[in-house]
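Listed below are the residues making up each chain.
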Amino acid sequence: MLRLSPVTSFCRSYCRDQRPVIFSSARRLYSATADTSVEPIRGLETGVSASKLLLRSVAAVRNNAELQTQNVAEGETRKMNMCQAINDALRLVLVTDNTSVVFGEDVAFGGVFRCSVGLADEFGTERIFNTPLTEQGIAGFAIGMAAMGHTAVAEIQFADYIYPAFDQLVNEASKFRYRSGNEFNAGGLTIRAPSSAVGHGGHYHSQSPEAFFAHVPGLKVVIPRSPVQAKGLLLSAIRDPNPVVFFEPKILYRSTVEQVPVDDYILPLSNAEILKQGKDVTVVGYGSQIYALENAIQMIERDIPGISCELIDLRTILPYDAETVEKSVNKTGRLVVAHEAPRVQGFAAELAAEIQERCFLRLESPIERVCGLSIPHPLVFEHFYMPCAVRVYEAIKRSLKY
């Protein structure tokens, strides 16, 4: 009788049920370099719901140093998910800036993710309105409004469909100020776009296109990880005097819930945040990837006593905070970078090259990149595509053992 290997059993079981089911007699092998003596997750509560990074209580908000500097830590808070926090930020902009408008496909009735729900009723359809289904037209119209002095907040319904607007953003919005000698600009422009994997989006509703825009001088690119971050960073992006592309990991819209300050506050762009101090390995990411990194760190620190990892959320990837990463790597001597986008020419390659130049004599091991596969984003096989906590765990272990 043909006997299936443990890996074959795992793969066949996954394909049949479209979920990872492992026979009780099989040992999970994650890669050719995996330590098969240990099941890395082994009882650990993983994912956003178990994250210790979220500000779930009023006390956590009170103790947050960044919110303290914004003078909102002691104020009123409200329990919000990321979708609600973005809605709250948009409402504040509309209240405080009479030139602001919000528009995009289906935005007037709330958008497909309901981030703009209720705004048209409150502020009217002259300021909150639908557009035709034309991403190039949405971006071009937004650039024109921004150039005429308005604060234009445009939504691209899914980041996967931002490519028809690429020419407008790369050749027009980013260059307005430069080509006119600062006589006019499109600094009032913000493009919001739901991005990244959601578990069932396939190749047209799961992409992470941030690296395309991170190559463009004149744009800023921001990706939040939580409701508190989304509100503060979106308010900063809208009020920044430069055009900003604001990618929102859509899987976090309702899975992340925090106590969010009700008051108006901004979080600085281009400032990375150190979420956890450590001495042995620097681990860097952004957006929804942060939670996989958190779990990987928990596993490695459990399995190798005495090891501690430093976790950094870049938040802004153009222009990004290389100095914070450099300082950390000079301390730890090791770097692991992760993101959902494909590995080849992804943003991790840029960060790895920059830190290699800055920290070459301090590095104790090659810089590790843990990224999505260089294939179209799969549907049934998304589980294998994603840079999950176990793949990051292995990368950290390789870096430590080098």
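Use the structure listed above.
Residues numbered from 1 in each chain as written. Predicted model: local features only at pLDDT ≥ 70, side-chain atom pairs only at ≥ 80, totals over all residues. Heavy atoms only, no water.

Undergrad: Before we move on, could you go through the overall build of the protein chain and cite the residues and values that matter?
TA: In terms of helices and strands, the protein chain carries 15 helices and 14 strands. For 402 residues, the compact-globule formula gives about 21 Å, and the C-alpha radius of gyration of the protein chain, at 22 Å, lands near that figure. Projected onto its principal axes, the C-alpha positions of the protein chain cover 70 × 50 × 45 Å. Taken over 402 residues, the protein chain has a buried fraction of 55%. Taking the contacts inside the protein chain whose residues are at least 6 apart along the sequence as the reference set, 80% of them involve residues at least 24 apart. For the protein chain, the accessible surface area stands at approximately 17,500 Å², while carbon and sulfur atoms represent 54% of it. (Helix = DSSP H or I, 4+ residues; strand = E, 2+ residues; numbered from the N terminus. Rg over C-alpha atoms; globule rule 2.2 N^0.38 Å. Buried < 20%, exposed > 50% of the residue type's maximum accessible area, 1.4 Å probe, protein only. Contact = heavy atoms within 4.5 Å. Areas by Shrake-Rupley, 256 points an atom, 1.4 Å probe, with all protein chains shown as cover.)

Undergrad: So what's going on with the side chain of Glu382? Which residues, and what values?
TA: When you line up the elements, Glu382 lands in helix H14 (residues 382–385). One buried charge, Glu382, has no salt-bridge partner; the nearest side chain with opposite charge is Lys250, at 8.3 Å. A distance of 2.8 Å separates the side chain of Glu382 from the side chain of His377, its partner in a polar contact. (Lys, Arg positive; Asp, Glu negative; His and termini not counted. Salt bridge = Lys/Arg side-chain N within 4 Å of Asp/Glu carboxyl O. Polar contact = N/O pair within 3.5 Å; in protein donor to acceptor, adjacent residues only side chain to side chain.)

Undergrad: Lay out the nonpolar core in plain terms, naming residues and giving numbers.
TA: If you look at the biggest cluster of nonpolar residues, it comprises 50 residues, and the most contacted ones within it are Phe103, Leu169, Phe247, Leu314 and Leu351. Examining the composition of this core, we find that six residues originate from one element, helix H6 (residues 135–147), more than from any other. Setting aside chain neighbours within four positions, we find Phe103 in contact with Phe129, Thr131, Ile138, Phe141, Ala142, Met145, Ala152, Val153, Ala154 and Glu155. Core analysis: the second largest hydrophobic core is formed by 44 residues, Val48, Val72, Cys115 and Leu234 among them. (Core = buried A, V, L, I, M, F, W, Y, C linked by side-chain atoms within 4.5 Å.)

Undergrad: Residue-level account of unusual backbone geometry, with values.
TA: The linkage connecting Leu318 with the following residue, Pro319, adopts the cis geometry, with an omega of -15 degrees. If you trace the backbone, Pro319 turns up in the loop between strand E12 (316–318) and helix H12 (322–332). In this structure, Arg315 is a non-glycine residue whose phi angle is positive, near 65 degrees. Turning to its location among the elements, Arg315 is positioned in the loop between strand E11 (309–313) and E12.

Undergrad: Talk me through the packing of aromatic side chains; I want residue IDs and the actual numbers.
TA: Scanning the entire structure with this criterion turns up 14 aromatic pairs. Relative to Phe247, the ring of Phe213 lies with its centre 6.0 Å away and its plane at 50 degrees, an arrangement referred to as tilted. Within this pair, whereas Phe213 is found in helix H9 (residues 210–213), its partner Phe247 is found in strand E7 (residues 244–249), the two being separated by 34 residues in sequence. In this structure Phe247 comes out as buried when scored by relative accessible area, which is 0%. Seen from their ring centres, Phe381 and Phe384 are 6.2 Å apart, and the 40 degrees between their planes marks the pair as tilted. Given the relative accessible area of 40%, Phe381 is considered partly exposed. You can call Phe384 partly exposed: its relative accessible area is 30%. Of the aromatic side chains, those joined through ring pairs into one cluster are Tyr163, Phe166, Phe212, Phe213 and Phe247. (Phe/Tyr/Trp six-rings, centres within 6.5 Å; stacked < 30°, edge-to-face > 60°.)

Undergrad: Summarise the pattern of salt bridges; cite the residues concerned and give the values.
TA: Applying the stated criterion to the full structure yields 21 salt bridges. Asp240 is paired through a salt bridge with Lys220; the nearest N and O atoms lie 3.0 Å apart. One end of the pair, Asp240, is in the loop between helix H10 (227–239) and E7; the other, Lys220, is in strand E6 (residues 220–222), and 20 residues separate them in sequence. Residues Asp240 and Lys220 agree in their burial class; the two are buried.

Undergrad: Would you mind going over helix H13 (residues 347–359) in detail, with residue names and values included?
TA: The end-to-end C-alpha separation of H13 is 18 Å, in line with the 18 Å expected for 13 residues at 1.5 Å each. Listed as buried for H13 are Phe347, Ala348, Leu351, Ala352, Ile355 and Cys359. Buried residues of H13 fall within an arc of 130 degrees about the axis and therefore sit on the same side. The inward-facing, buried residues of H13 abut H9, strand E10 (281–285), E12, H12, strand E13 (335–342) and strand E14 (368–372). (Expected span 1.5 Å × (residues − 1). Arc of directions from axis to C-beta.)

Undergrad: Which residues make up the pairing of E10, and what values go with them?
TA: Burial of E10 is extensive: five of the five residues sit out of reach of the surface. Alternating positions in E10 separate into two faces, Val281, Val283 and Gly285 on one and Thr282 and Val284 on the other, with burial throughout. In the classification by handedness, the crossover that spans E10, the intervening helix H11 (residues 289–303) and the parallel E11 is right-handed. (Right-handed = clockwise from strand over helix to strand, strands pointing away.)

Undergrad: Got a sec to walk through the sheet that holds E7? Specific residues and values, please.
TA: Ordered in space as E3-E2-E4-E5-E7-E6-E12, the seven strands form an open sheet in which the pairing is mixed. Sheet topology places strand E3 (128–130) and E12 at the edges, where each strand pairs with a single neighbour. Between one strand and the next, the sheet's axes are offset by a mean angle of 20 degrees, whatever the strand orientation. Relative to E7, strand E5 (residues 189–195) runs parallel, the two sharing six bridges. The partner of Ile191 across the bridge, within E7, is Val245. (Pairing = 2+ DSSP bridges. Axes fitted to C-alpha atoms, helices over the stretch in contact; angles between N-to-C directions.)

That's the geometry; what it means functionally is another story.
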